[in-house]
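One letter stands for each residue in the lines below.
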Amino acid sequence: MERIGLIDYGAGNTTSVLNALEHLRLDVTLARTPEDLENADRLILPGVGAFASAMRKLERLALVDALGDHVVERKKPFLGICVGMQLLADLGHEFETYPGLGYVAGEVKRLRAEEVGLRVPHIGWNEVDYDPSCPLFEGMSAPAFYFVHSYVIEPSDPTSTVATCLHGGPFAAAVRRGNIFGVQFHPEKSQRDGLKLLENFASFEVTRGDEPTRQGRPSVADGSLVIRSR
Amino acid sequence: MLKNRLIPVVLLREGVVVQSKRFGRYQLLGNPATIVERLSDWASDELIYLDISGRRDYDLGRDDLAQGRTSDLLSILREISRRCFMPMAFGGGLRTVEDCAERVANGADKVVINTQALHEPEFIDRCAKEFGAQCVVVCIDAKQTVDQTWEVFAERGKRPTGRSPDQWAKECQERGAGEILIQSIDRDGTGQGYDVPLVRSIARAVQVPVIALGGVGQWGHLADGLIEGEADAVSAANIFNYSENSVLKAKRSLFEAGLNVREPSLASH
């Protein structure tokens, strides 16, 4: 079985994600150092809290460069959850402007739902519209997920967005660039649909550059899905 | 579109689940782990645990409840979070950012703060800064004074603060609270329904989500909190302990009232 490295950097609800992965009987290891990443075939970056504080915690553990090596160079499947998804962007603007990992071009900005009389934070269960070719959503119908956030990633390339949700306008509920995925909602807290999504992430087959794409709207814009040798 | 939430509340007193009446009388219900398993039936959208113990350490080994010994709150929390794939808020006795961090590290997704915030409002700012606004729920316990006005009470209803709930809710929001849990002391455990005007006054005072609590005695009261009270989420404690599949019945009543909730389903893991 492939092993999932759950990145434990002090800015995530690691326990909750770990509980969900263990419930699914997946092989999980907590990754706290660059060396720990070596022992994992797929990586999950959870995240709770503010963008800059989460990013600083990754930096302090020397995980930023190490992640670049495993995720960008070696193309290990990667899933960022909530703030872990937002960190994929180039820049975040929560409390202060701070650079992110830069795997998905774009910036993280506050939801503008208050302008239309909706409440922020966006907290609760909401439905998403998803690209059916995205392996994360395989086997689902009309899924609802649990969201709790005030900020959203705004990808500069719309093809990075593989699922959208509505709260005072559409926002990116899930993004993908090749082997790199991010979800704004909390799959570990989304009961059946959430567990299914984690299971899909753990089991989807990584293929080389020939991912099915939706007509006129490729879901793998850079065509860079590459197999790791097994 | 964002759905309205149904949130069972579990009251823990010295490690045992209790029922509460007007913040004063408590009746033992049993072991948290078993009750949680029943409540985390998939019709719940979220769970709130409020520890209302007077003391911090307690022994959970009760022969009459036929259960193993769980010696402290954090192990209860860990045990609960292992079974609960939905958001879980934890409150009660939180005095420092470290207290909150400990709860979060052991499986809480949100912390519910109350008395300490009244004592030291900057506590809200510090928690929001550390965990993000989405993690910080401020619980406001309010009691009616004269006609349609209310006062905020601290220390589980014991100490009047002279604050009005709507003003306090606004301040909480400004300081970084991500949600307000508004609880009516007068209605607690009475089954008379929410104090709807109180809930509405809070819902209209703030832009963050508002959760109503206190007084649900029949399923129809839940819809009142959402429709008349204009809350975003409804919660209740005692009523969920009275019948089988209670959460499902509660959810169904909201669904049938035409409210935008997740479809009630018994689908399990």
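Only a predicted model underlies this, so the values are computations on that prediction, with no experimental measurement involved.

Draft legend 1. How the structure looks around the overall build of chain B. Assigned secondary structure in chain B consists of 9 helices and 12 strands. Principal-axis analysis of the C-alpha atoms places the extent of chain B at approximately 45 × 45 × 35 Å. Of all 269 residues assigned to chain B, the portion counted as buried reaches 60%. For chain B, the proportion of contacts with a sequence separation of at least 24, taken over those separated by at least 6, is 65%. Accessible area of chain B: about 10,400 Å², with a carbon and sulfur share of 44%. Taking the average location of the 33 positive side-chain charges in chain B and that of its 38 negative ones, the two points are 2 Å from each other.

Draft legend 2. Fine view of the UniProt feature "active site" (unreviewed entry) in chain A. All names here are of chain A. What UniProt calls "active site" (unreviewed entry) maps, in this numbering, to Cys82, His186 and Glu188. Spanning 107 residues, the annotated positions come together in the fold, the maximum distance between their C-alpha atoms being 10.8 Å. Following the sequence through the fold, Cys82 ends up in the loop between strand E4 (78-81) and helix H5 (83-86). For Cys82, the contacting residues outside a window of four places in its chain are Gly47, Val148, Val183, Gln184, Phe185 and His186.

Draft legend 3. Spotlight on the UniProt feature "domain: Glutamine amidotransferase" (unreviewed entry) in chain A. Mapped onto this numbering, the UniProt entry gives "domain: Glutamine amidotransferase" (unreviewed entry) at residues 6-201 of chain A. Annotation note: span residues 6-201 of chain A, helix share 26%, strand share 31%, distance between end C-alpha atoms 13 Å.

Draft legend 4. Broad picture of the pattern of salt bridges. Residues and elements named next belong to chain B. Applying the stated criterion across every chain yields a total of 27 salt bridges over all chains. Across the salt bridge formed by Glu120 and Arg126, the nearest N and O atoms sit 3.0 Å from each other. For the salt bridge of Glu230 with Arg204, the shortest nitrogen-to-oxygen distance reads 2.6 Å. One end of the pair, Glu230, is in the loop between helix H8 (220-227) and strand E12 (233-236); the other, Arg204, is in helix H7 (residues 196-205), with 26 residues separating them in the sequence. Since its relative accessible area comes to 58%, Arg204 is described here as exposed. What emerges from the salt-bridge pattern is a single network uniting Arg5, Glu46, Lys110 and Glu179.

Draft legend 5. Focus on the sheet that holds strand E5 (residues 91-92) of chain A. Residues and elements named next belong to chain A. Spatial ordering of the open sheet is given by E6-E5-E7-E11, a layout of 4 strands whose pairing is mixed. Edge positions in the sheet fall to strand E6 (98-99) and strand E11 (151-155), since each of these pairs with one other strand and no more. Where strand E7 (residues 106-110) meets E11, 5 bridges bridge the pair, whose relative direction is antiparallel. What sits directly across from Glu107, in E11, is Glu154.

Draft legend 6. Representation of the packing of aromatic side chains. Residue and element names in this part refer to chain A. In the structure shown here, the tally under the stated rule is 12 aromatic pairs over all chains. Residues Phe137 and Phe145 carry aromatic rings whose centres are separated by 6.2 Å and whose planes lie at 70° to one another, so their mutual orientation is edge-to-face. Phe137 gets classed as buried once you look at its relative accessible area, which sits at 1%. Since its relative accessible area comes to 0%, Phe145 is described here as buried.

Draft legend 7. Examining the interface of chain B and chain A more closely. Chain B puts 36 residues into the contact, and the matching count from chain A is 29 residues. Here chain B packs against chain A, burying approximately 3,000 Å² in sum over the two surfaces, 55% of which is carbon and sulfur. Broken down residue by residue, the surface that chain B buries against chain A is led by Leu2, Phe85 and Gln134 of chain B, which jointly contribute 25%. If you look at where chain B meets chain A, you find 3 salt bridges. Where chain B touches chain A, the interface holds 17 residue pairs in polar contact (both at pLDDT 80 or more). For the side of chain B that touches chain A, the elements supplying multiple residues, two or more each, are helix H2 (73-83) and helix H5 (122-131) of chain B.

Draft legend 8. Summary view of the side chain of Glu188 of chain A. Its location among the elements puts Glu188 of chain A in the loop between strand E14 (180-183) and helix H6 (191-203). This buried residue, Glu188 of chain A, is left without a salt bridge; Lys189 of chain A holds the nearest opposite charge, at 6.7 Å. If we ignore the near neighbours within four places in the chain, the residues touching Glu188 of chain A are Asn13, Ser16, Val17, Ala20, Ile81 and Leu198 of chain A together with Phe85 of chain B.

Draft legend 9. Region of interest: H8 of chain B. Considered for burial, the residues of H8 of chain B that qualify are His221, Leu222, Ala223, Gly225 and Leu226 of chain B. Here the buried face of H8 of chain B lies against strand E1 (5-13), H7, E12 and helix H9 (246-256) of chain B.

Draft legend 10. How the structure looks around the packing of helix H6 (residues 165-175) of chain B against H7 of chain B. All names here are of chain B. Their axes nearest at 9 Å, the elements H6 and H7 cross at an angle of 35°. Crossing geometry of H6 relative to H7 is assigned as right-handed. Only Leu198, Ser201, Ile202 and Ala205 of H7 make contact with H6, whose side of the interface consists of Pro165, Asp166, Ala169 and Lys170. Broken down by class, the residue content of the contact of H6 with H7 amounts to 5 nonpolar, 1 polar and 2 charged.

Draft legend 11. Focus on the nonpolar core. Membership of the largest hydrophobic core comes to 75 residues, with the highest contact counts inside it found for Ile7, Ile44, Leu58, Leu79, Leu87 and Phe137 of chain A. Apart from residues lying up to four places away in sequence, Phe137 of chain A is in contact with Val128, Tyr130, Phe145, Val162, Ala163, Ala174, Phe185, Leu197 and Asn200 of chain A. With 73 residues, the next largest nonpolar core counts Val10, Leu74, Val138 and Ala231 of chain B among its residues.

Draft legend 12. Region of interest: the packing of H8 of chain B against H9 of chain B. Residue and element names in this part refer to chain B. Where H8 meets H9, the closest approach of the two axes is 8 Å, and the angle between their N-to-C directions is 50°. Relative to H9, the element H8 is oriented oblique. Of the two possible hands of crossing, H8 and H9 adopt the one that is right-handed. Contacts from Leu222, Ala223 and Leu226 in H8 reach Ala250, Ser253 and Leu254 in H9. Here the contact of H8 with H9 is composed, by residue class, of 5 nonpolar, 1 polar and no charged.

The rules behind each value
Residues numbered from 1 in each chain as written. Chains lettered and ligands numbered in written order. Predicted model: local features only at pLDDT ≥ 70, side-chain atom pairs only at ≥ 80, totals over all residues. Heavy atoms only, no water. Helix = DSSP H or I, 4+ residues; strand = E, 2+ residues; numbered from the N terminus. Buried < 20%, exposed > 50% of the residue type's maximum accessible area, 1.4 Å probe, protein only. Contact = heavy atoms within 4.5 Å. Areas by Shrake-Rupley, 256 points an atom, 1.4 Å probe, with all protein chains shown as cover. Lys, Arg positive; Asp, Glu negative; His and termini not counted. Charge placed at Lys NZ, Arg CZ, Asp CG, Glu CD. UniProt positions renumbered as here; feature names shortened; annotations may be inferred. Salt bridge = Lys/Arg side-chain N within 4 Å of Asp/Glu carboxyl O. Pairing = 2+ DSSP bridges. Phe/Tyr/Trp six-rings, centres within 6.5 Å; stacked < 30°, edge-to-face > 60°. Buried area = accessible area lost by both parts, 1.4 Å probe. Polar contact = N/O pair within 3.5 Å; in protein donor to acceptor, adjacent residues only side chain to side chain. Axes fitted to C-alpha atoms, helices over the stretch in contact; angles between N-to-C directions. Left-handed = near helix turned anticlockwise from the far one by under 90°. Nonpolar A, V, L, I, M, F, W, Y, C, P; charged D, E, K, R; others polar. Core = buried A, V, L, I, M, F, W, Y, C linked by side-chain atoms within 4.5 Å. Parallel < 35°, antiparallel > 145°, perpendicular 65-115°, else oblique.

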